[in-house]
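Structural overview for review
Each chain is listed here by its residues.
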Amino acid sequence: MAADPTARSRKPNTARGARVSSAPWREQAETYITHHRKVARDSALRLWRTPVASLMTWTVMGVALALPVALMLLLVSLQGVSAGWESSARVTAYMSLETSLEHARGLVSDVDADSRVAGVELIPRDRALAEFRASSGLEDALDYLEGNPLPHTLVITPEEDARSADGVAGLVTFIEGLEGVEQVQVDLGWLQRLNAMTELLARAVWALATLLAVAVVLVIGNTVRLSIESRRDEILVAKLVGGTDGFVRRPFLYTGTWFGLGGGIVAWFLLLLSSWWLNGPIEHLARLYRSDFSLSSLGIGGVFLLIIAAMLLGWLGAWVAVKRHLDDIEPGEIAGGG
Amino acid sequence: MIEFRQVTKRYDSDHTALRQVNFHLGRGELAFLTGHSGAGKSTLLKLIMVMERPSAGEVVVGGQLLNRLPKRQIPYIRRHVGVVFQNHQLLFDRTVFENIAMPLEVMGVSPRDVGRRVRAALDKVGLLSKEKMNPLQLSGGEQQRVGIARAVVNKPPLLLADEPTGNLDPDLSADIMNLFAQFSQVGVTVLIASHDLTLISEMGRRTLTLDHGNLIAGGSPLQGGARGR
């Protein structure tokens, strides 16, 4: 109470002296933590008390976060596919039509002797025609042909360490140099196109993610701005009785962080839901393509990262709002004119 | 405790709220600040609370020159200045106790001490039994007492009041004034802006009178009636 005679001796000589100076640091730290806990709980309770409004903000944030994360997962899945198929890259060498079967057999042993080659298969022209006839459904058309238009073919599987672009190119040069080889085909073109496309997609996903992150920050910023407006009186009084900027900002920063937490959880839930919904058709499709393609899922670490990122974005949004609007509220206006 | 040296406050080119005001208020002094509406009373109080900065001259509070105080130091000055408003600025979304606890909370006082000190302040203004009520349930006089309890709960050496009895009947006003007199007796410097001239003359204290921004009486302790103590 002011009736305390020690009030005489307390002088605000230095502004710092206004802090509670007698309390030991340990007690001060405890009080500080208690205060943080109280503010965090109060902010959470405020969101809880307006469940519909909070849920709507969480959902907006969840959708905005789930979209880029889903695309990123898809991208990771696609990259897994191309990595898988790269290892099965094959070099196909077509002989000229005049080449005899014996010469082709000789080439097989030549090629097989090369250290870059893991295996060679010879497809004689007769077998190639038979297979083509069986699989293409062009039997009638083939009957009109005089003779077999298909050459002997070597299918070469490169050794593991020769599967790089350079390694394969070297191998191709070597095979092209062999006598009787007319054309060498590396079935990597579609793979390169897929890689180019995933690269493009990756950039698009990052651009989208950046845009949506900005949107999240703005949404949270706006929500926190409304919350600042509705608590204007409280802010004025807190500033009036000597609340520092940090003290006044704290509840709003917690509010933003809680919005982020909720948004992160909603995003996770949406991802679970959509992967559950898509998994059946994707497995079916992959089976049709004889692929082991499957959708990547987030995993514990990923979920953790997603939620932390969401909380950071929420905090950032609140910080933007607080910076713009809180500092404008000064208690000068309540003292009236005169 | 408070010293104004040649203080001028100009809001814009044609509105000067205070002109070269000089005065000094000592520790434990109780003074009134009066003048017609628009004479500069609120501006003077705002300068003490660093809500405004002087255009010229020096404002010293508690030995600290406020003119060039960095913005982030302002809260620490305000913790030494209790303020009571005519409309008391209580928050109606929390109890009487929580309202009074706010100045302690911003200072980081431990929860144990908060309870003890809030109850001491409530006891002083005679509202100990109402700590759990909402300020809305209280009468105007009681609300003003809650405002006073909040202003003094952290034992500031300086107490400012802006029309603290503006909405109260004469009996209640006298009660409030007695409360202020008690604070000044224990060493708190009290400055009360009021235009209730009857009440002021009854109290017989030093009175600073403003007229169109000029301090026309009470500038030196000898001038404006009896000194506080």
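Treat the numbers as computed from the prediction; the structure is a model and nothing was measured.

So, how was this worked out
- Residues numbered from 1 in each chain as written.
- Chains lettered and ligands numbered in written order.
- Predicted model: local features only at pLDDT ≥ 70, side-chain atom pairs only at ≥ 80, totals over all residues.
- Helix = DSSP H or I, 4+ residues; strand = E, 2+ residues; numbered from the N terminus.
- Contact = placed C-beta atoms within 7 Å.
- Buried ≥ 20, exposed ≤ 12 C-beta atoms within 10 Å, placed from the backbone.
- Pairing = 2+ DSSP bridges.
- Core = buried A, V, L, I, M, F, W, Y, C linked by C-beta atoms within 7 Å.
- Domains from an automatic or database assignment.
- pLDDT = per-residue confidence, 0-100.
- Axes fitted to C-alpha atoms, helices over the stretch in contact; angles between N-to-C directions.
- Parallel < 35°, antiparallel > 145°, perpendicular 65-115°, else oblique.
- Left-handed = near helix turned anticlockwise from the far one by under 90°.
- Nonpolar A, V, L, I, M, F, W, Y, C, P; charged D, E, K, R; others polar.

With that out of the way, let us pick up the overall build of chain A. Helix and strand content of chain A: 10 helices and 4 strands. Along chain A, from the amino end to the carboxyl end, the secondary structure elements read α-α-β-α-β-α-α-β-α-β-α-α-α-α. Put simply, of all contacts in chain A between residues at least 6 apart along the chain, 84% involve residues at least 24 apart.

A separate point is the overall build of chain B. Of regular secondary structure, chain B possesses 7 helices and 10 strands. Out of the 229 residues in chain B, the part that is buried amounts to 52%. Pairs at least 24 apart in sequence give 67% of the contacts found in chain B among residues at least 6 apart.

All names here are of chain B. Of all 6 residues that make up strand 3 (residues 30–35), 6 are buried, and the element is covered over most of its length. Taking every second residue as pointing to the same face, both faces of strand 3 are buried, with Leu30, Phe32 and Thr34 on one and Ala31, Leu33 and Gly35 on the other. Alignment of strand 3 against strand 8 (residues 189–193), held across 4 bridges, turns out to be parallel. Among the inter-strand pairings, Leu30 is bridged to a residue of strand 8, identified as Val190. Pairing of strand 3 with strand 9 (residues 206–211) involves 5 bridges; the strand directions are parallel. Note on strand 9: the bridge partner recorded for Leu33 is Leu208.

Glancing now at unusual backbone geometry. Residues and elements named next belong to chain B. You will see that Gln6, though not glycine, has its phi angle at about 50 degrees, which is positive. With respect to the secondary-structure elements, Gln6 resides in strand 1 (residues 2–12). For Gln6, a count of 12 C-beta atoms within 10 Å gives the class exposed. Its identity as a non-glycine residue notwithstanding, His212 has a phi of 45 degrees, on the positive side. Looking at the secondary structure, you find His212 in the loop between strand 9 and strand 10 (214–217).

Side chains that are three or four residues apart share a direction in an α-helix, a result of its 3.6 residues per turn. Taking burial as the measure, the 12 residues of helix 3 (residues 96–107) of chain B include 9 buried ones, the bulk of the element. Those residues of helix 3 of chain B that fall on the buried side of the exposure criterion are Val96(B), Asn99(B), Ile100(B), Ala101(B), Met102(B), Pro103(B), Leu104(B), Val106(B) and Met107(B). Those residues of helix 3 of chain B hidden inside the fold are in contact with helix 8 (232–240) and helix 9 (245–288) of chain A together with helix 4 (111–124) and helix 5 (140–152) of chain B. Just downstream of helix 3 of chain B lies Gly108(B), where phi reads positive at about 75 degrees.

Of all hydrophobic cores here, the largest spans 76 residues; its most connected members are Leu33(B), Ile48(B), Ile100(B), Ala149(B), Leu159(B), Leu160(B) and Phe180(B). In terms of residue count, the dominant contributor to this core is helix 3 of chain B (7 residues). With residues near it in sequence (within four places) discarded, Leu159(B) still touches Gly82(B), Ala151(B), Val152(B), Phe183(B), Val188(B) and Val190(B). Counting 28 residues, the second largest nonpolar core, distinct from the first, contains Ala267(A), Leu306(A), Ala310(A) and Trp315(A).

Attention now goes to the domain arrangement of chain A. By convention, interface size is frequently given as the accessible area that disappears when the constituent parts associate. We note that the domain assignment places domain 1 (36–84 + 198–335) and domain 2 (90–187) within chain A. The straight-line distance from the C-alpha centre of domain 1 of chain A to that of domain 2 of chain A is 56 Å.

Residue and element names in this part refer to chain B. With 96% of its residues at a pLDDT of at least 70, chain B reaches an overall mean of 87. Predicted confidence for residues 222–229 stays below pLDDT 50, and this span has 24 contacts to residues more than four positions away or in other chains. Both scores are given for the predicted complex: the pTM is 0.74, the ipTM 0.86.

Looking now at the environment of Phe4(B). The residue Phe4(B) is located in strand 1 in this model. For the pair Phe4(B) and Lys46(B), spaced 42 residues apart in sequence, the C-alpha separation works out to 13 Å.

Residues and elements named next belong to chain B. Direction vectors running N to C along helix 3 and helix 5 enclose 30 degrees, while the axes themselves pass 7 Å from each other. Regarding the angle of helix 3 to helix 5, the classification is roughly parallel. Of the two elements, helix 3 crosses helix 5, and the hand of that crossing is right-handed. On helix 5, the residues that touch Val96, Asn99, Ile100, Met102 and Pro103 of helix 3 are Val146, Ala149 and Arg150. Split by residue class, the contact of helix 3 with helix 5 holds 6 nonpolar, 1 polar and 1 charged.

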